[in-house]
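The primary structure of each chain is shown beneath.
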Number of protein chains: 2
Amino acid sequence: MRSLLDVQRRLLPDFLTVMQKRYDILRYIKNMQPVGRRSLAISLNLTERTLRSEVDFLKDQKLIHVSSSGMLLSEEGEIILEKLEGIMREVMGIDLMEQDLKRQLSLGEVIIVTGDSDQSPWVKSELGKACANRMKQEWTGKNIIAVTGGSTMAEVAEMLTPDHESKDLMFVPARGGLGEDVHNQANMIVSKMAEKANAFYKVLYIPDQVSKEAYLSFMKEPTIKEVISLIKSANIVVHGIGDALAMAQRRKTGPEVMKVITEGNAVGEAFGYYFNENGDVVHKVKTVGIQLADLDQARSVIAVAGGKSKAKAIRSYMKTAPASTVLITDEAAAKELLKG
Amino acid sequence: MRSLLDVQRRLLPDFLTVMQKRYDILRYIKNMQPVGRRSLAISLNLTERTLRSEVDFLKDQKLIHVSSSGMLLSEEGEIILEKLEGIMREVMGIDLMEQDLKRQLSLGEVIIVTGDSDQSPWVKSELGKACANRMKQEWTGKNIIAVTGGSTMAEVAEMLTPDHESKDLMFVPARGGLGEDVHNQANMIVSKMAEKANAFYKVLYIPDQVSKEAYLSFMKEPTIKEVISLIKSANIVVHGIGDALAMAQRRKTGPEVMKVITEGNAVGEAFGYYFNENGDVVHKVKTVGIQLADLDQARSVIAVAGGKSKAKAIRSYMKTAPASTVLITDEAAAKELLKG
DNA sequence: TCTGTCGGGACTTTTTATGTCCCGGTTATA
DNA sequence: TATAACCGGGACATAAAAAGTCCCGACAGA
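Owing to the predicted nature of the structure, the values given are computational and were not obtained by experimental measurement.

1. A word on the layout of surface pockets
If a probe the size of a water molecule is rolled over the atoms, the empty space left behind becomes visible.
Item 1. For the largest pocket, the calculated volume is near 1,900 Å³.
Item 2. Along the walls of the largest pocket sit 44 residues, with R10, E126, K129 and N133 of chain A together with E76 of chain B positioned nearest its centre.
Item 3. Those elements that place two or more of their residues in the lining of the largest pocket are helix 1 (2–11), helix 2 (15–32), helix 5 (75–105), strand 3 (109–113) and helix 6 (121–138) of chain A together with helix 5 (75–92) of chain B.
Item 4. Considering every element that reaches the lining of the largest pocket, the biggest residue donor is helix 6 of chain A, with 11 residues.
Item 5. Class assignment of the residues belonging to the lining of the largest pocket gives a composition of 16 nonpolar, 12 polar and 16 charged.

This is the structure:
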């Protein structure tokens, strides 16, 4: 049934809105019957005429009876409505979860894709696609987009497509080296995104293990400074969220920092910051680029993470995330988050 | 899914017709790509303008790509179409038709593919694919498979693929020479099938116009006798069904036999037997190999034929076909058959 | 280089949906 | 029993969407 709805969503986009409308009408009639056209229209927030067209249709389908005292559900109408009850719960399920999550985490927007990234690899692609689409909505005029690394972000990059009109887009890594694997490193993602979106990009290679002097002189390089100032002026930030321990292990994290992370009970990680369950910063990787406090400056912040296993991490980070953050996640994570 | 569709049929009837239309468009594009708007419109029996609106929609949904050389299915389009395949079977009631037809003709199984072989050439390929799949289900252990000729059987051969484990398969022609064109002759099909399925085969070349003595001595050849005994021990028979007159004309049928066929009101033909509307044998081509009575010995008999024009032929043959016969046909023929 | 097919722009016509107003009948109520 | 409120539905103007029609320049294949 899910797949049928998915296909229909694609092939007949206004299908669902019409179904919803007719469902509402039937529901209201059931509860207000016998009811007249005008009062029903007011209750449903429909104009009299549109309601009338719908009513004519429902009458043709023999789902309602129309008499001089008003409209009432027919027997068949009752049966159909009963079946619809269950269908709409399924159809609206995701929307409801989005609303609930948005309220619970007090975010700007929540987008949920069906499935579980932990179990089905393609769900991650769906996350990526959803994120890519959401990003595009922000692309009006000139934009500097700061992105982080991670496998989910890599999927996002993969799913980007050039926009009809080539906008003025510049991709930059959100922060300097975090010790990540080259493959899903922010720099890699940045270049991939730019390639896919047919846009510009700048990368930032910060030497990892060098003397303090070398580092400082490196930071004075004009080209580096230019990139950093670009990053600081980014108006869109797109980042993943990771499990704290998993991220720490994946990165070349020293034993003393590891101790801080474990003893601080860190559970979530986002762009180099480690958070405990209360959303407190337990540790931050010192590097250049966007800092947690800078996020409020950005016009839009999009966080992408999915899979049941990531629920805790998402919750921890969202405690301190900017209120306008857009969270893109999957069904499994959303369910887990809503569980409490 | 069943109940969801039932509800939708009632609540949004015209959405289903739209879905059907878009399904058809996608299907035609898949099989004709790259294809232009005008020729597609003709094939689909749509006016250019309506097709254009639909195409614009599908393009917006990224289900098709449009280039100067024509339209083609996008990757997503392929995925959606695949899912639609199953959905539309349900919507169009193909599954129901299969059950009805099975009962009406009292057969072992009926498989219907969508479309009309007479109108869309690729439907024949679909028939072939369906048949190939069905055949594979029978391939457990050692099998001798007797096949007939014909263009539909040629498609079946084309669609065969080697099985994961190479089974012990032997293809043989079902009967001796029937006077067919070399191209779609049983021997040709046999070798093609064996090649595609990575199996063994034996052909049977019977001299057509020779003296009785030559013929008899030929039949005493050990190699020929061996092939004939193989044929007789076939446990799977796959054959086409043809229109009686068309088949008789295609084969080098003499005028006196032609008279028998026409005066006997033959309508159907299968492996050299001609049947009238009551299923009586009007004429049989005398040749070696499997006879009508032998069919009951075979573990499984699969008959393949499609196209509205073949409906009468199918019905006539099915009157005498073994009760366990598997019929593989297309939507158009099935509709015609069910019409009565 | 020519020819036929390609997509798509532009315009008119047709169809459909919606907005608006009103009428005659029914019903609850004063 | 008179009356006001509410009922569905007819009628018609208007807005919006779909379909019909024609044409153009691009491009591939002969």
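Don't stop here, the text continues.
2. Focus on the domain arrangement of chain A
Item 1. Here the domain parsing of chain A yields domain 1 (2–90) and domain 2 (94–339).
Item 2. Summarising the inter-unit geometry, the C-alpha centres of domain 1 of chain A and domain 2 of chain A are found 43 Å apart.

3. Brief notes about the protein's contact with DNA strand D
Item 1. Every one of the 18 residues lining DNA strand D counts as a neighbour, but R37, R38 and R52 of chain A together with T47 and R49 of chain B are closest to it.
Item 2. The sugar-phosphate share of atoms of DNA strand D within 4 Å of the protein amounts to 53%.
Item 3. In the model, a phosphate oxygen of DNA strand D is placed 3.4 Å from a nitrogen or oxygen of the V35 of chain A main chain.
Item 4. Contributing elements (two or more residues each) for the surface near DNA strand D: helix 3 (37–44), helix 4 (48–60), strand 1 (64–67) and strand 2 (70–73) of chain A together with helix 4 (48–60) of chain B.
Item 5. Grouping the constituent residues of the surface near DNA strand D by class yields three nonpolar, nine polar and six charged.

4. Quick notes on the sheet that holds strand 13 (residues 326–330) of chain B
Residue and element names in this part refer to chain B.
Item 1. Strand order in the open sheet made by the seven strands is 3-13-12-7-4-5-6, with parallel pairing throughout. In the strand order of this sheet, the two ends are held by strand 3 (109–113) and strand 6 (200–201), each with one partner.
Item 2. In terms of strand pairing, strand 4 (residues 142–147) meets strand 5 (residues 168–173) through six bridges, oriented parallel. Counted as the bridge partner of I144 is M170 from strand 5.
Item 3. Here helix 6 (residues 94–105) sits on the sheet in contact with strand 3 and strand 13, set at roughly 140° to strand 3.

5. A short note on helix 5 of chain B
Item 1. With 18 residues, helix 5 of chain B ought to run about 26 Å at 1.5 Å a step, and its terminal C-alpha atoms sit 25 Å apart, in line with that.
Item 2. The sharpest bend along helix 5 of chain B reaches about 30° and sits at E85 of chain B.
Item 3. Those residues of helix 5 of chain B hidden inside the fold are in contact with helix 1 of chain A together with helix 1 (2–11), helix 2 (13–32), strand 2 (70–73), helix 6 and helix 15 (331–339) of chain B.
Item 4. Immediately beyond the C-terminal end of helix 5 of chain B, within one or two residues, lies G93 of chain B, with a positive phi of roughly 75°.

6. Side note on the nonpolar core
Item 1. Counting 138 residues, the largest nonpolar core has M19 of chain A together with M135, F171, M193, V238, Y317 and M318 of chain B as the members making the most contacts within it.
Item 2. The next biggest cluster of nonpolar side chains, apart from the first, holds 45 residues, and it includes V172, A174, I224 and I290 of chain A.

7. Regarding the protein's contact with DNA strand C
Item 1. The local shell around DNA strand C holds 18 residues, among which T47 and R49 of chain A together with R37, R38 and R52 of chain B are the closest.
Item 2. Of all atoms in DNA strand C that approach within 4 Å of the protein, 52% are sugar or phosphate atoms.
Item 3. A distance of 3.5 Å is found between a phosphate oxygen of DNA strand C and a side-chain nitrogen or oxygen belonging to S39 of chain B.
Item 4. At the level of secondary structure, the elements contributing two or more residues to the surface near DNA strand C comprise helix 4 of chain A together with helix 3 (37–44), helix 4, strand 1 (64–67) and strand 2 of chain B.
Item 5. Residue composition of the surface near DNA strand C, by class: three nonpolar, nine polar and six charged.

8. Details of the sheet that holds strand 12 (residues 300–304) of chain A
All names here are of chain A.
Item 1. Within the open sheet, the seven strands sit side by side as 3-13-12-7-4-5-6. Their pairing is parallel. Whereas interior strands pair on both sides, the edge strands pair on one side only; in this sheet they are strand 3 and strand 6 (200–201).
Item 2. As paired strands, strand 4 (residues 142–147) and strand 7 (residues 236–240) are joined by three bridges and run parallel to one another. Its bridge partner lying in strand 7, I145 is registered against I236.
Item 3. Contacting strand 3, strand 4, strand 5 (168–173), strand 7, strand 12 and strand 13 (326–330), helix 6 crosses the sheet at an angle of about 160° to strand 13.

9. Focus: the pairing of strand 2 of chain B
All names here are of chain B.
Item 1. In the sheet, strand 1 pairs with strand 2 via four bridges, with the strands oriented antiparallel. Residue pairing across strands places I64 opposite L73, the latter belonging to strand 2.
Item 2. Once strand 1 ends, the chain turns through two residues before running back antiparallel as strand 2.

10. Observations regarding the interface of chain A and chain B
Item 1. With 26 residues of chain A at the contact, the number on the chain B side is 25 residues.
Item 2. Approximately 2,500 Å² of surface area, both sides summed, lies buried where chain A meets chain B, with 71% of it carried by carbon and sulfur atoms.
Item 3. In terms of surface lost to chain B, no three residues of chain A exceed L4, R10 and L11 of chain A, which account for 29% of the buried area on that side.
Item 4. Joining chain A to chain B, the criterion identifies three salt bridges.
Item 5. As a salt-bridge pair, E76 of chain B and K129 of chain A come within 3.7 Å of each other at their nearest N and O atoms.

11. Points about the packing of aromatic side chains
Item 1. Per the counting criterion, the structure on display carries 12 aromatic pairs over all chains.
Item 2. Relative to Y273 of chain B, the ring of F271 of chain B lies with its centre 5.7 Å away and its plane at 75°, an arrangement referred to as edge-to-face.
Item 3. On the accessibility criterion, F271 of chain B (4% relative accessible area) is buried.
Item 4. Look at Y273 of chain B and F275 of chain B: their rings are 6.4 Å apart centre to centre, the planes differ by 20°, and that puts the pair in the stacked class. Note on accessibility: Y273 of chain B and F275 of chain B belong to one class, buried.
Item 5. These aromatic residues form a ring-pair network of at least three members: F271, Y273, F275 and Y317 of chain A.
Item 6. Just above the ring of F57 of chain B sits the side chain of R22 of chain B; from NZ or CZ to the centre is 3.8 Å.

The rules behind the values
- Residues numbered from 1 in each chain as written.
- Chains lettered and ligands numbered in written order.
- Predicted model: local features only at pLDDT ≥ 70, side-chain atom pairs only at ≥ 80, totals over all residues.
- Heavy atoms only, no water.
- 1 Å grid on protein atoms, 1.4 Å probe; cavity = no way out; pocket = protein on both sides within 12 Å on 5 of 7 lines; lining within 4 Å.
- Points joined across faces, edges and corners; volume = space filled by probe spheres on them.
- Helix = DSSP H or I, 4+ residues; strand = E, 2+ residues; numbered from the N terminus.
- Nonpolar A, V, L, I, M, F, W, Y, C, P; charged D, E, K, R; others polar.
- Domains from an automatic or database assignment.
- Near = heavy atom within 4 Å.
- Polar contact = N/O pair within 3.5 Å; in protein donor to acceptor, adjacent residues only side chain to side chain.
- Pairing = 2+ DSSP bridges.
- Contact = heavy atoms within 4.5 Å.
- Axes fitted to C-alpha atoms, helices over the stretch in contact; angles between N-to-C directions.
- Expected span 1.5 Å × (residues − 1).
- Bend = angle between axes of the 7 residues up to and from the residue.
- Core = buried A, V, L, I, M, F, W, Y, C linked by side-chain atoms within 4.5 Å.
- Buried < 20%, exposed > 50% of the residue type's maximum accessible area, 1.4 Å probe, protein only.
- Buried area = accessible area lost by both parts, 1.4 Å probe.
- Salt bridge = Lys/Arg side-chain N within 4 Å of Asp/Glu carboxyl O.
- Phe/Tyr/Trp six-rings, centres within 6.5 Å; stacked < 30°, edge-to-face > 60°.
- Lys NZ or Arg CZ within 6 Å of the ring centre and 35° of its normal.

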